[in-house]
Each structure stands twice: as C-alpha cells, then as structure tokens.
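A closer look at the structure
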Amino acid sequence: MGLKKVLVSDPVAEDGIKILKEVAQVDVKTSLSRAELLSIIGDYDALLVRSGTQVDAEIIAAGNNLKVIGRAGVGVDNIDVEKATEMGILVINAPEGNTISAAEHTMAMMMALSRNVPNACSSLRCGEWKRSKYMGVELYRKKLGIIGFGRIGQEVAVRARAFGMDILAYDPYISSEYMEKQGCRGVTLDQLFAEADLITIHTPKSADTRYMIAADTLARMKDGVRIINVARGGLIDEKALHDAIVSGKVAGAALDVFESEPPGDSPLLKLEQVICTPHLGASTEEAQVKVAVQVAEQFVRLFRGEPVQMAVNAPILPPETMAELKPFIPLMTVMGSFFMQFFGGRVKHVAINYSGEISAQPVAPLTTALLIGLLQVVLKSDVNYINALPTAKQRGIKIEESTSKSVPIYRSLITAKVTTEEGTHIVGGTVFEGKEMRIVQVDDYNIEVIPSRYMVVNRYHDRTGVVGKVGTLLGQNSVNIGSMQVGRNLGRGEAMMVLQVDSSMPPEIIAEMQGDDLMIRSRFIELPLEGMIAGG
C-alpha cells in the first residue's frame, strides 16, 4: 500500500514526523479550518490526527484517495470508524503509547481526591490554615474497583497494590483467572458497585458503555464512594453524578474528561468535592513521543506492504499465524470469485467449513477473503479486508463458520456452501505443499482445478463429442487452451470441464457454446490472481 502523501492536521511529536518523512511526503498543517480540510483531503493517501481534528463521515467521503487514518493516541472517538470501514480505509491508533501516563494520572487524581490536595492548596494560597477542613482518607486497605481491565486498568492495578489496596476488577472480555494472576479479584459489575470504596473507569466509549455510571448504578454504590474518570467523557451521566454528590451519596469525584470539552459552566465544576483537569491523561512529554512514533511506524509498515499491529477496524494476527494463513487467503478469494462468476445469484447465506490442519488457525481472515471474492464480482468496486464483512451484512448475507479436525484426503480442506435465490452450491479448495492453490470440488464434482486468470467452465451432459466441440469452437476463435480438467458424475450422466485459456474472449463465444443442446451451463471466468495480497 503506497503512501505518497501524508497530511498531519494536529500537533504531533517531531520524532513521528521524522519517521514518516523517510517514506512519504509529509505536510504538517495544524491550523486548518473544516472547510480547508475538506478542500484538500482528497489529495492525500493518509491522515494523521490527534483529538483536535473531527474526522467525520463528510471528511472521510471527501478523502477519495485515503487509505489510512492514524490517531496519535488511544481513543478514536473523533473518527467515524464505521464510515472509514465502509470506504475500505484502515484506521490505526497507538493503544500502548500513553498507558503509563494515563495510569499515573489516575493515581495522581485518586490521591489528590482522597487527600483534598487541590482545595487545600487553593485555601493555603488564600492565606488560610484550615487543617481540619481538609481531613482526608488513606488508600491503604481500601477496595478499588477498576472497570475495564485493559492495558491502563492493569497498570493502575499494579500501582494501587503498591499502596496496599484491595483490587476488584470488572471486564466482560477478560477471565477471572487472568485477573487473579494479576493480584485482582474478578467480580460482576453489581458486585463492584456494591463493594468498592473508590471506582476508576478505563473503558472505551461506545453504545454499551455510555452512561455506564448513571442514577441507577450510583444508587447501587456504597455510601461515600469516590469516582475517578481519566478515560472518556460520556461514560458518566454528569447530571446524575452532580446530584449524587450534592445528596452525599458520592463523597467526591476526580474528572479528567467530560461529555463536552471544554465543559463550559458545568455544575460539577462548582462543587468543592470535585477535582478536575483538562484532559491531561496522556499529556506527558514521554507519551506524546511514544504515540507519534507508534503510529508513524505503522504507517511505514503499510508503505512496505507489511501487516499492521494496531488496526482498529481490521483483524490483527501474530506474524507466525499470518505465515500459516498466507497461502490460503488468495485461495479463498479465488473460490469466492469462481462461485459468483459460475453460479451467480443474490447471495443469502454462506456456510464455510474448515477441516484438517487449517481448522486449528483463526479463520476470520479466510472468511473475509472469501467474501471479498464474492462481493467484488457483484459490486464491481473496491471490496477489501476492511469493508468486506460490513458490506456483506449490509446486503443481508448471513455467515456461518464451522471447523472439523479430520479430512479424508487432504491435509486441509475448505468448503463454502453458498445459498442464493437460485439455489445452494458448493465450492471446495485446498493448498498443496503450502503454496499451490487448487479448487477440488464444485457441487458434487470432484475435480482438481488449477486456478488461472482466464478459464472456461462448462457443465454438460456427458456424451461423446462435447469436449471436441468446445475445443473446435475455441480454436476457430483463436483462443488457445493451456490445460483442461474434467470431473464426472456417472450417476446423473453429467460432467464438468474446466479449461485454462491464454486470453479473454467476447461473450458471443460463450453464448454459442451455451447454445449446444448438451450444454447445461457455460461461463467464462476471469480470476483476480494478479496483485493479490495475503494480508489485506
């Protein structure tokens, strides 16, 4: 994926810019208005932002040459990932770069809240000496509830344990066994609300996490609980939190993020029990360098055609896994394209069975590759590893995957059973010696097809002379046959013939072939073999 021009629209550490300049033209324009960005974004292959640029659907649609959008940070709230995915644009971030800074800021906010540091400092600056007013509480032996046990949540846990705190952790995607190994007790969200003395949130913002702390959940918390949010605004219903603090249910809150930023005249800012900072979780010199370098390095990997490791809207696999899947990915695209060009029809359901050695691998990229082959024939547009699955779902295609360890003949066998409005058909394939693709099944025909760019595929009544007629017709039209495979169904008296030919041909030849009384179906197929990439 060549990245010739990169636009940087927010301030990014110079260390990252230097890396980008090694492989592409980089334009740093950090004071663009929205109108200016709209007018120039179409000239760029890549866009690098922080939180200051809103990359919405309109901006993305205007970026008709965009291949990747990078966020020098963790959150991608300011990027319309769904629209980017629809357009086949990769979105990457730097999830590790600000981990330590965010964890340290969480601990700073937690300690400042527990010991009333900001208010005591402000009082002292005003000439007061009110020690009793700012009596605090210890963290030692307090129960800390961590919501979201990802990188930052785990780093907070490490630091909180050093203070002698008991850690309760909730994360629906991480096992309790893993949490126990990290010195934490895995609990349900209700248990965490009921037991925690302090609660800190470290989840992304989504439809599922919006207002996860609201009036109903606040009511289930311990009296006198303290709440810290250095993650994302919108995870807390700010009005409900304000009311809970005023009522005495919540002893205080430490907020680095808000629903609207800046928060303006938010009532929370008027409460003495609330301490706040202006979204400083990642604002350290070290974090800004780390996130810039990480995103820049991912851009360089794309430029070199290597798989990225921090994609938001594409599967991320270890290099050793990709090595195992690599020969099967083009096979799946070929199988999907072969199916649509030979059988056609509006696809309703795709059931894929992975058997043999391939069943031990993560098969999602292979399923995506099959969908690419199917959809490219139908849509005649750019369908890729970013937008294939969403596009299939938008078209109402149901996808089913299954695996089985044993396979009678091959080391690995993949069969796709595709249902269209016209019926259900099967295409099966394998890879020989780790590199040679073969289509080995078409419906109930066992036929070892060597995929080539140009092929003529015929299903016909198995009678003397059919093969000769096809050869004569192609010869008369100067179409050279490179090789041929035949599969027979003796029970039905039918056969399938696949010819690898050297060139494309006009539809009139296929129409004449189809006109023979013994011919059931004739199709010319052009497979996407040139320029295929094995990692998306």
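For the structure itself, look to the data block above.
Let us look at the structure shown here.

Analysis parameters
Residues numbered from 1 in each chain as written. Predicted model: local features only at pLDDT ≥ 70, side-chain atom pairs only at ≥ 80, totals over all residues. Heavy atoms only, no water. Helix = DSSP H or I, 4+ residues; strand = E, 2+ residues; numbered from the N terminus. Contact = heavy atoms within 4.5 Å. Pairing = 2+ DSSP bridges. Axes fitted to C-alpha atoms, helices over the stretch in contact; angles between N-to-C directions. Core = buried A, V, L, I, M, F, W, Y, C linked by side-chain atoms within 4.5 Å. Buried < 20%, exposed > 50% of the residue type's maximum accessible area, 1.4 Å probe, protein only. Arc of directions from axis to C-beta. Parallel < 35°, antiparallel > 145°, perpendicular 65-115°, else oblique. Left-handed = near helix turned anticlockwise from the far one by under 90°. Nonpolar A, V, L, I, M, F, W, Y, C, P; charged D, E, K, R; others polar.

1. Some remarks on the environment of Ile399
Turning to its location among the elements, Ile399 is positioned in strand E14 (residues 398–404). C-alpha of Ile399 to C-alpha of Val350: the two residues are 49 residues apart in sequence and 4.9 Å apart in space. Setting aside its immediate chain neighbours within four residues, Ile399 contacts Val350, Thr367, Leu371, Leu389 and Ala392.

2. What about the sheet that holds strand E19 (residues 454–461)?
Strand order in the open sheet made by the four strands is E20-E21-E19-E22, with antiparallel pairing throughout. The open sheet has two edge strands, strand E20 (481–489) and strand E22 (519–526), and neither has a second partner. When the angles between neighbouring strand axes are averaged without regard to direction, this sheet yields 15°. Relative to E22, E19 runs antiparallel, the two sharing seven bridges. Bridging from a neighbouring strand, Val457 pairs with Arg523 of E22. Packing against the sheet, helix H14 (residues 328–342) makes contact with E19, strand E21 (494–501) and E22, and its axis sits at approximately 135° to E22.

3. Comments concerning the nonpolar core
Counting 49 residues, the largest nonpolar core has Met332, Phe338, Leu366 and Ile414 as the members making the most contacts within it. Sequence-distant contacts of Met332, that is, excluding residues within four places in its chain, are made with Ile352, Tyr354, Leu366, Ala369, Leu370 and Ile414.

4. Looking at unusual backbone geometry
With an omega of 0°, the peptide bond between Glu261 and Pro262 qualifies as cis. With respect to the helices, strands and loops of the structure, Pro262 is situated in the loop between strand E11 (250–255) and strand E12 (274–276). For Arg141, which is not a glycine, the phi torsion comes out positive at approximately 65°. For Arg141, the position within the fold is in the loop between helix H6 (117–125) and strand E6 (143–147). Judged by relative accessible area, which is 61%, Arg141 ranks as exposed. Of note in the backbone geometry, Tyr211 takes a positive phi value of approximately 55° without being a glycine.

5. Thoughts on helix H17 (residues 466–476)
Of the residues making up H17, those classed as buried are Val466, Val470, Leu473 and Leu474. Projected onto a plane normal to the axis of H17, the buried residues spread over an arc of 95° and lie on a single side. The inward-facing, buried residues of H17 abut E19, E20, E21, helix H18 (507–514) and E22. Ser478, located one to two residues past H17, shows a positive phi value of around 60°.

6. A closer look at the packing of H17 against H18
In the contact formed by H17 and H18, the axes pass within 11 Å of each other and the chain directions differ by 155°. Looking at the two axes, H17 sits roughly antiparallel to H18. Our pair here, H17 against H18, has a crossing hand that is right-handed. Counted together, Val470, Leu473 and Leu474 of H17 and Ile509, Glu512 and Met513 of H18 form the full contact between these two elements. Its residues assigned to classes, the contact of H17 with H18 comprises five nonpolar, no polar and one charged.

None of this, on its own, says anything about what the molecule does.
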